[in-house]
Amino acid sequence: MTDYGHDLEFGIFPTPDAASAERVLELAQLADVLGLDLVTVQDHPYQARHLDAWTLLSVIGARTTAVRVAPNVANLPLRPPAVLAQAVASLDLLTGGRVELGLGTGAFWDAVEAAGGVRLAPGQAVDALVEAVAVLRAMWAGEGSVRVEGRHHRVVGLHAGPRPAHPVGIWLGAYKPRMLRVTGRLADGWLPSMGYADPEALGGMNAVIDEAAVAAGRAPEEVRRLYNVFPGGRSGSGLRGTPSDWPEQLAELTLEHGMATFVLGADDPGLVQAWAREVAPATRELVEAGRAHTASAAPDGPATTGPAPEPRPGIESASASATFVPTPDDGTRLTGELGWDEASRPTYPVSADAAAYSDAQLAAPRHLVEVHDHLRAELAQVRDVVDQVARGRMTVGTARSAVNAMTMRQNQWTLGAYCESYCRVVTGHHTLEDQAVFPHLRWSDPDAAPVIARLEEEHEVIHDVLDDVDRALVALVAEEDGAMERLRHVVDLLTDTLLSHLAYEERELMHPLARHGFH
């Protein structure tokens, strides 16, 4: 079971039929209006019945406002990487950062050769793709000159640029072991298709990608898992049943195999509408429930129960249409070794006029809880990773990469960074990039200063505990005596400190956040 924790995305994969060009554009515009994430098209420049992929993507980009576009996948043998890099960057600039790049080694070599391309053996095609990725990234750097002296792609002295509007993802269509290893080492995403990689094959392929990523010093989570899916046909391959049956199948693909971007091959507007309005939200709901279930699973090991903290009442909206209740802390502890004295924590003085807030004011403390719920889910992942290492199902190198890629490690315990990440991903337009929540609350509400000072101290303690987890993993690699027991202990300590801290933060910041917001 491997869920990489990525947010789900949904897109479409219409046929670029030259005889029905307007229909293709209408499907793309429909996807945009329905709030889908992606419109992708296949790229076969030798296919007389198809519209040219880059011309089509450019028109789609001009007719839409939010949906991202990508070739699925670009035909590298007929698109020199230096030219492809400029085409991608130009369209990304013209669309405001809405272009990604699916890339493949090539197929249908008779047709490629007929169109003037060079026929390559499978190993040569992989070598050419690796060289092409180097050219693409050097061109997109937008600085200096590009120097890639490959056997198949040679770019020497060309000025880099233009730089895309955003970091363009390179998604590789890969199936064989060597290409899967290249994906883990170099790519931003893996883009297989049903029919070539059916669900039962995904686990083994993911394992090859993960191992290569770790060997390259990357976390497996750095590779997004995309999947081209299709309505089931007579062959038996594809999604089973009707759209109402698909969410359960897709959620299983996410929770079991980490597939997080689903691209539906469809030319029927009614099916696209069902995909956006029914399948996508139902799948997200099932995945959210599955992740919550994992996060709420009882920790392993004996538990001790200390004194429960003083309960703090929730708060209601002025209209009584909504309430906010901080996550409770029942005082259960696994180690009894917290790095702070819970009884000495300062509390926020609640005045008599704090009886009710508007629904809009309650949004801020709710956001905090949702961000914390993500961290609680990550804690469950840490415990699961350690359990898999103990049972021999995961290497220590993979475990270290998985832990170090998590939000709790990447964001250095900065509340402002959490809020920025959450708002950007979930709402898509609220960002707090240059804002710091704690200084804002200190300035707006001096009564909150003692609580904020204590929270900052606890952030440092938690950071040290996370370092202890990493050191314990290193000790396990070195086969030090008692390393496994030490690892389990520090993960229990992380559980105690994290859950205690998050509950305290929600209790004491609910009123300041309701009054003053994040910024």
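Predicted model, so just to flag it, every value in this text is computed and none were measured. (Residues numbered from 1 in each chain as written. Predicted model: local features only at pLDDT ≥ 70, side-chain atom pairs only at ≥ 80, totals over all residues. Heavy atoms only, no water.)

Attention shifts here to the overall build of the protein chain. Along the protein chain, the regular secondary structure elements total 16 helices and 16 strands. Here the protein chain holds 519 residues, and the buried ones make up 50% of them. Within the protein chain, contacts between residues separated by at least 24 positions form 76% of all contacts whose residues are at least 6 apart in sequence. Element-wise, carbon and sulfur atoms account for 52% of the exposed surface of the protein chain, whose accessible area totals about 23,200 Å². (Helix = DSSP H or I, 4+ residues; strand = E, 2+ residues; numbered from the N terminus. Buried < 20%, exposed > 50% of the residue type's maximum accessible area, 1.4 Å probe, protein only. Contact = heavy atoms within 4.5 Å. Areas by Shrake-Rupley, 256 points an atom, 1.4 Å probe, with all protein chains shown as cover.)

All right, on to the side chain of R68 then. Tracing the backbone through its elements, the reader meets R68 in strand β3 (residues 68-71). Side chain to side chain, R68 and E100 meet in a polar contact 3.3 Å long. If sequence neighbours within four positions are ignored, R68 has contacts with E9, D37, L38, V39, R98, E100 and W171. (Polar contact = N/O pair within 3.5 Å; in protein donor to acceptor, adjacent residues only side chain to side chain.)

We now examine helix α1 (residues 21-34). Between its terminal C-alpha atoms α1 stretches 20 Å, which fits the 20 Å expected from 14 residues at 1.5 Å a residue. Taken residue by residue, α1 has V24, L25, L27, A28, L30, A31, D32 and L34 as its buried positions. Against β1 (9-12), β2 (38-41), α2 (53-63) and α9 (269-295) lie the buried residues of α1. A positive backbone phi angle near 85° is found at G35, which sits one or two residues after α1. (Expected span 1.5 Å × (residues − 1).)

One can describe the packing of α1 onto α2 by two numbers: an axis separation of 10 Å at closest approach and a directional angle of 45°. Judged by the inter-axis angle, α1 sits oblique to α2. In terms of crossing hand, the pair formed by α1 and α2 is right-handed. From α1, E22, V24, L25, A28 and Q29 reach across to α2, where they touch L56, V59, I60 and R63. Split into classes, the residues belonging to the contact of α1 with α2 amount to six nonpolar, one polar and two charged. (Axes fitted to C-alpha atoms, helices over the stretch in contact; angles between N-to-C directions. Parallel < 35°, antiparallel > 145°, perpendicular 65-115°, else oblique. Left-handed = near helix turned anticlockwise from the far one by under 90°. Nonpolar A, V, L, I, M, F, W, Y, C, P; charged D, E, K, R; others polar.)

Once that is clear, we can look at the environment of L334. By the element assignment, L334 lies in the loop between β15 (332-333) and β16 (356-357). Note: C-alpha distance between L334 and L493 (159 residues apart in sequence) is 7.0 Å.

Take the nonpolar core next. Core analysis: the largest hydrophobic core is formed by 78 residues, its most contacted members being L101, L103, W140, W190, F262 and W275. Here this core takes eight residues from helix α5 (residues 122-141), the largest share from any one element. Look past the residues within four positions of L101 in its chain and what remains in contact with it is W54, P71, A74, L84, V88, L136, W140, V168, G169, I170 and W171. Counting residues in each nonpolar core, the second largest holds 23 residues, with L379, V389, L466 and A472 among its members. (Core = buried A, V, L, I, M, F, W, Y, C linked by side-chain atoms within 4.5 Å.)

Counted by the stated rule, this structure contains 28 salt bridges. A salt bridge links E100 to R68; its shortest N-O distance comes to 3.3 Å. Of this pair, E100 sits in the loop between α3 (81-94) and β5 (101-104) while R68 sits in strand β3, and the two are 32 residues apart along the sequence. For the pair E100 and R68, a shared accessibility class is recorded, and that class is buried. When the shortest N-O distance is used, the salt bridge between R163 and E143 registers 3.3 Å. (Salt bridge = Lys/Arg side-chain N within 4 Å of Asp/Glu carboxyl O.)

When two helices pack together, their arrangement is given by the angle between the helix axes and by the axis-to-axis distance. Interaxial distance between α2 and α3 falls to 11 Å at its minimum, and their mutual angle equals 10°. Taken together, the axis directions place α2 and α3 in an arrangement best described as roughly parallel. Judged by residue contacts, W54, L57 and S58 of α2 engage L84, A87, V88 and L91 from α3. Its residues assigned to classes, the contact of α2 with α3 comprises six nonpolar, one polar and no charged.

Below, the discussion takes up the packing of aromatic side chains. Following the criterion strictly, the structure yields six aromatic pairs and no others. For the ring pair F10 and F262, a centre distance of 5.9 Å and an interplane angle of 40° mean the geometry is tilted. With F10 in strand β1 and F262 in strand β11 (residues 261-264), this residue pair connects regions lying 252 residues apart in the sequence. No difference in accessibility class separates F10 from F262, as the two residues are buried. (Phe/Tyr/Trp six-rings, centres within 6.5 Å; stacked < 30°, edge-to-face > 60°.)

The subject of this paragraph is the sheet that holds β1. If you trace the nine strands from one edge of the open sheet to the other, you get β3-β2-β1-β11-β10-β9-β8-β5-β4, paired in parallel fashion. Two strands bound the open sheet, and with one partner strand each, they are β3 and β4 (74-75). Where β5 meets strand β8 (residues 170-172), three bridges bridge the pair, whose relative direction is parallel. Paired with L103 across the two strands is L172, which belongs to β8. In the packing of helix α7 (residues 199-215) onto the sheet, the strands contacted are β9 (189-190) and β10 (224-229), and the crossing angle to β10 comes to about 155°. Across the face of the sheet, α9 comes into contact with β1, β10 and β11 while running at roughly 165° to β1. (Pairing = 2+ DSSP bridges.)

Attention now moves to the confidence of the model for the protein chain. When pLDDT is averaged along the protein chain, the result is 85, and 84% of the positions lie at 70 or above. Low pLDDT, under 50, characterises residues 408-435; the predicted model gives this stretch 52 contacts beyond four residues in sequence or across chains. (pLDDT = per-residue confidence, 0-100.)

Okay, unusual backbone geometry next. The omega torsion of the bond from N72 to V73 falls at 5°, within 30 degrees of zero and hence cis. By the element assignment, V73 lies in the loop between β3 and β4. Of note, F108 is a non-glycine position whose phi angle comes to about 55°, a positive value. Of the residues examined, F108 reaches a relative accessible area of 53% and is grouped as exposed.

Before going further, it helps to examine the environment of E337. Along the polypeptide, E337 turns up in the loop between β15 and β16. Here the alpha-carbon distance between E337 and D492, two residues 155 residues apart in the chain, equals 9.8 Å. Non-local contacts of E337, meaning those with residues more than four positions away in its chain, are made with H489 and L493.

What follows is about the side chain of T495. The residue T495 is located in helix α16 (residues 483-516) in this model. Classification of T495 by relative accessible area gives buried; the value is 3%. Here the side chain of T495 touches R383 through a polar contact of 2.8 Å, side chain to side chain.

Here strand β6 (residues 145-149) pairs with strand β7 (residues 154-159) via five bridges, running antiparallel. Across the sheet, the residue bridging to V146 is L158, located in β7. Hairpin connection of β6 to β7: four residues between the antiparallel strands.

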